[in-house]
Each structure stands twice: as C-alpha cells, then as structure tokens.
Amino acid sequence: MKLPPAFERYRSEVDCELRAVLAERQSPLYDMMRYHLGWVDAQGRPLPGSGGKALRSTLCLLACEAVDGIHHRALPAAAAVELVHNFSLIHDDIQDDDRERRHRPTVWSIWGKPQAINAGTAMRVLASLALSRLGENGISGEKQLRAQRILDESCLRLIEGQYLDISYESRLDIVVTDYLEMIDGKTAALMGCSLELGALIGTDDESVIRGLWGFGRNLGLAFQIRDDILGIWGDQKETGKPLGSDIRRRKKSFPIVYALDKMAGEVKTDLTSIYQSEVIDEAGTLAVLKILDDVGAQRYAQKMVEMYRDKALGTIDELALMPAARRDLEGLAHFLVERNS
Ligand code: IPE
Ligand code: IPE
Ligand code: MG
Ligand code: MG
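Our next topic: the coordination of the magnesium ion (ligand 4). Think of it this way: four donors in a tetrahedron around the metal ideally sit 109.5 degrees apart, and six in an octahedron ideally sit 90 or 180 degrees apart. Within the protein, the atoms that donate to the magnesium ion (ligand 4) are Asp92 (OD) and Asp96 (OD), at distances of 2.1 to 2.2 Å. Distance-wise, the magnesium ion (ligand 3) is placed 3.1 Å from the magnesium ion (ligand 4), both being coordinated by Asp92. In this structure, Asp92 and Asp96 share a single accessibility class: buried.

Encoded structure:
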C-alpha cells in the first residue's frame, strides 16, 4: 500500500535534521541507533532509504503548515517526536521479546538486551537535544520550554501506557475501558504531542493547538487498534513484524479484549484456559484465532478504528486551517485506518 504524498514531501528534510542530531557522535552506541533508523546495516555499512513511515514527524510538520506556520521551523520538533517514537520501539521490542521489526532483526536480537536498553535510553536523551535546536530557528525561549514540557509529559504518558500493556499480560479481567486507557498512553499521547508541537510552533491560537492535539490523540487510538488487527490478521511480508506474537505474549490487544468481553460459558472457559496455559503454542494460537473469528472480532475492531478516525476528523472540522494541509491531514486519517503496514 503506497503512502500518501505528504509522507514523501517531508522525508528528506526530517532525515537531514535527524542526521544532524546524530552527526559527530562517534561511539558504536550511535551505530546501533543508525541501524535501528535504517541508515546502516549491522556492520555499520550505509543502506539506501530509511526505516519507518515517519508518521509522527509528518503529522508534526503538517500541523505547523495547517496553522499557516513555516514547517521548516518545526523540524527540530519533528525530529524529536521521531526519536521518542524510535526509542520506544527499541525498548518495546525488548519488552515484547520481538526479534523482528521493519523486516529486520531488532536491536536487542543483534547486540543483546543490555546494550539495546542503553541505546534506547540514549535515543530518548537525543530527542530532547533535538528539540533544543528550536532556538536556532528563532522560536522564543518561552515556547521552547513549553515544547520540552509537552514532549516530557507525553513521553511519560507513553511509558505509563507501556506499564499497563505489560501488566495486562498476566490479567484476564481487562475490559475495553482498561484497554483504551492503555493505548491512550502508549500510542495516542505521542501522536497528540506531534500535532500539538507543530501547531504550537506555528500559532499562538490555543483553541487550534488544542484541536490539533485532539485530532492526533483520536487518530492515535484508531492507529493502535488497526495495529492490533494487523498484529493478528496482517501479512507479515507487509508489516515486517512477527505475526501472532501478541497472542503468544498474552497481550490484551483490542480483538482479544472484545472476545473476552463477548464470550460466555464454555467458549470463554476455552479462551481463558488457553491464556492461562504455560506456553501458547501453535495449536493454542489457532484455537484463539477461531474464537476471534466466531465473535467477529476483526470486523468489530475495524468499526472501532473507523469510529476513532471520525472522532479525529470531527475535532478539526470547525477549525480554521490552511486548506491544503487540512486535505493532507484528512487524507492521512483515511489512509491510516486502511493501512496494511
Ligand atoms: C509502530 O508504529 C508502533 C505503534 C505505536 C503501533 P509505526 O507503525 O508508526 O512504526 P514505524 O516507525 O512506521 O515503523
Ligand atoms: C506500540 O506498541 C507502542 C509503543 C511502542 C510505545 P506495540 O507493542 O503494540 O507495537 P508493535 O506492534 O510492537 O509495533
Ligand atoms: Mg511491540
Ligand atoms: Mg508493546
């Protein structure tokens, strides 16, 4: 599935900004980051292209343009949110015990967990340093301070969400509201932050900044539920992530939470006994898939994705935004609910 043109438009500028943040950092520690970002292979040899979709940086720059700001000035914020996102992925792959991301071995599976924790933590620090480059773009000290606080608070929300995600692994009493609290932290907070920072840099209008944050937050909820669908029914060739690992890890992803809620009697006992077994093997995974199919979990989950997309679109509906950027934001929202990778 081809990415909308907005992704391509900013890619090289964001890439340049990220490379400037990492420039002259010599320790092999930074080569692990360059590897994760898709710039080099495990031996440090340059690779063409780059790693992820760069969704959060794209949203940040689009928000800046949407409020009639100069997107170039928001590049430090775009780089910062992309680094926070990538820090969270390096740690997430350790936490989830996943060996593959973006079609490549994860950092920990090459360098081991201790070094991967270290590289991820350092990347989080680099995100703050990246944001401090706002000063060079003529952004006031007051706005810089506010931007740092927004980034830190959102990062804490992400980590709180990861706390819940991990703690839910050993629980079977998770309901939809618990699930929503978890993804509001682990995914939606940084998405909201990305738009909030872009808007903050481009305008002083608080209601527009708030509205764009709300767009990002709701889009983040839609995005994560879609991610949960792809984690179970996606095509591994497209997602670049291992299939079925959410079930094996007993993750309370949306389709599972829905099934736990909908099931009654014997079938519920089947599902919970699989989740209580010591290891969920291939047969267990297939049995879970069958139960999910029986309750129509995929269809219901996709409905929720579309509901949050519409909620996101509703938050910007009444805002006075630049027409081209508004179209891009709306196009992106529609793309994300259909995405396969
Ligand atoms: C993956 O995010 C992690 C989630 C929040 C679901 P992305 O799908 O945006 O990751 P990349 O950067 O494009 O690989
Ligand atoms: C996404 O976590 C959120 C963060 C990494 C903070 P997941 O564990 O659900 O995402 P994937 O599927 O590994 O990308
Ligand atoms: Mg994961
Ligand atoms: Mg995870």
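From this point, things continue past the structure.
So, about the pattern of salt bridges. Under the definition given, this model contains 26 salt bridges. Its salt-bridge partner being Asp96, residue Lys251 comes within 2.9 Å of it at the nearest N-O pair. Here Asp96 lies in the loop between helix 4 (75-95) and strand 1 (100-101) and Lys251 lies in the loop between helix 11 (245-248) and helix 12 (254-262), a separation of 155 residues in the sequence. Among the salt bridges present, the one from Arg217 reaches Asp184, with a minimum N-O distance of 2.6 Å. Of this pair, Arg217 sits in helix 9 (residues 206-233) while Asp184 is found in helix 8 (residues 176-202), placing the two residues 33 residues apart along the sequence. Residue Asp184 is classed as buried on the basis of its relative accessible area, which comes to 12%.

The first and last C-alpha atoms of helix 1 (residues 5-22) sit 27 Å apart over 18 residues, in line with the 26 Å expected at 1.5 Å per residue. Remark: the principal bend of helix 1, roughly 40 degrees, maps to Arg11. For helix 1, the full list of buried residues reads Ala6, Phe7, Tyr10, Arg11, Val14, Asp15, Glu17, Leu18, Val21 and Leu22. On its buried face, helix 1 is in contact with helix 2 (28-36), helix 3 (55-66), helix 4, helix 6 (113-131) and helix 16 (323-338). Phi turns positive one or two residues past the end of helix 1, at Glu24, with a value near 65 degrees.

The next thing to look at is the environment of Arg249. The residue Arg249 is located in the loop between helix 11 and helix 12 in this model. The partly exposed category is assigned to Arg249, whose relative accessible area is 28%. Separated by 58 residues in sequence, Arg249 and Met191 place their C-alpha atoms 25 Å apart. Those residues within four positions of Arg249 in sequence are excluded, and the remaining contacts are Gln95, Asp96, Asp97 and Glu169. A distance of 2.9 Å separates the side chain of Arg249 from the backbone oxygen of Gln95, its partner in a polar contact. In terms of polar contacts, Arg249 uses its side chain to reach the backbone carbonyl oxygen of Asp96, at 3.5 Å.

Turning our eyes to something else, we now look at unusual backbone geometry. One can expect most non-glycine residues to show negative phi and most peptide bonds to be in trans. Located in the positive-phi region is His103, a residue other than glycine, with phi close to 65 degrees. Positioned with a positive phi, Arg250 is a non-glycine residue whose angle comes to about 60 degrees. Looking at the element boundaries, Arg250 is found in the loop between helix 11 and helix 12.

Thresholds, definitions, all that
Residues numbered from 1 in each chain as written. Chains lettered and ligands numbered in written order. Predicted model: local features only at pLDDT ≥ 70, side-chain atom pairs only at ≥ 80, totals over all residues. Heavy atoms only, no water. Donors = N, O, S within 2.8 Å, 3.2 Å for Na, K, Ca; no water. Buried < 20%, exposed > 50% of the residue type's maximum accessible area, 1.4 Å probe, protein only. Salt bridge = Lys/Arg side-chain N within 4 Å of Asp/Glu carboxyl O. Helix = DSSP H or I, 4+ residues; strand = E, 2+ residues; numbered from the N terminus. Expected span 1.5 Å × (residues − 1). Bend = angle between axes of the 7 residues up to and from the residue. Contact = heavy atoms within 4.5 Å. Polar contact = N/O pair within 3.5 Å; in protein donor to acceptor, adjacent residues only side chain to side chain.

On their own, these measurements won't tell you what the molecule is for.
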